[in-house]
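One letter stands for each residue in the lines below.
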Amino acid sequence: QVQLVESGGGLVEAGGSLRLSCTASGSSFGTNVMGWYRQAPGKQRELVARIGSYGFTIYADSVKGRFTISRDNAKNMVYLQMNSLKPEDTAVYYCNFFPTRPNNWGQGTQVTVSS
């Protein structure tokens, strides 16, 4: 069973930047499509961005032009660079496969953007 661990969240002012990281233990991503998801209080979890095994990316309209997803297959890592952060981006961020695997949700990492 692969376990996914997210890190890099924190408190940042509006307009600031954060870089999130995700790594797998017990297994590897292989050639699977990977995604970043987020869930704000009272909201459903939503897909933020996804990246294919060879680097093809798709973004939610709300983050397009501000966030960049990337991966390093050799290091078994996936990243989310977040720039020009807005208070609306405040949420717990998770990585997972795409489509999601129900047994592979981690603890997530909290991102809080102040006004």
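Residues numbered from 1 in each chain as written. Predicted model: local features only at pLDDT ≥ 70, side-chain atom pairs only at ≥ 80, totals over all residues. Heavy atoms only, no water.

*Asks:* Explanation requested: the sheet that holds strand 6 (residues 57-59) in the structure shown.
*Replies:* Each strand in a sheet pairs with another by means of backbone hydrogen bonds, the pair being arranged parallel or else antiparallel. With mixed pairing, six strands are arranged side by side in an open sheet as 2-10-9-4-5-6. Each end of this open sheet is capped by a strand with a single partner; those strands are strand 2 (10-13) and strand 6. Each adjacent strand pair in this sheet contributes to an overall mean axis angle of 25 degrees, direction not counted. With six bridges connecting them, strand 4 (residues 34-39) and strand 9 (residues 91-97) associate as antiparallel partners. (Pairing = 2+ DSSP bridges. Helix = DSSP H or I, 4+ residues; strand = E, 2+ residues; numbered from the N terminus. Axes fitted to C-alpha atoms, helices over the stretch in contact; angles between N-to-C directions.)

*Asks:* How do you make sense of the pattern of salt bridges when you look at a structure like this?
*Replies:* Two side chains with opposite charge may pair up if their charged atoms get near one another. Under the counting rule described, the total for this entry stands at four salt bridges. Between Asp 89 and Arg 38 there is a salt bridge, with the nearest N and O atoms lying 3.0 Å from each other. With a gap of 51 residues between them, Asp 89 in the loop between strand 8 (77-82) and strand 9 and Arg 38 in strand 4 connect regions that are remote in the sequence. For the pair formed by Asp 89 and Arg 38, the shared burial category is buried. Residue Arg 66 pairs with Asp 89 through a salt bridge whose shortest N-O separation is 2.8 Å. Linking Arg 66 in the loop between strand 6 and strand 7 (67-72) with Asp 89 in the loop between strand 8 and strand 9, this pair joins segments that are 23 residues apart in sequence. Judged by its relative accessible area of 11%, Arg 66 is buried. (Salt bridge = Lys/Arg side-chain N within 4 Å of Asp/Glu carboxyl O. Buried < 20%, exposed > 50% of the residue type's maximum accessible area, 1.4 Å probe, protein only.)

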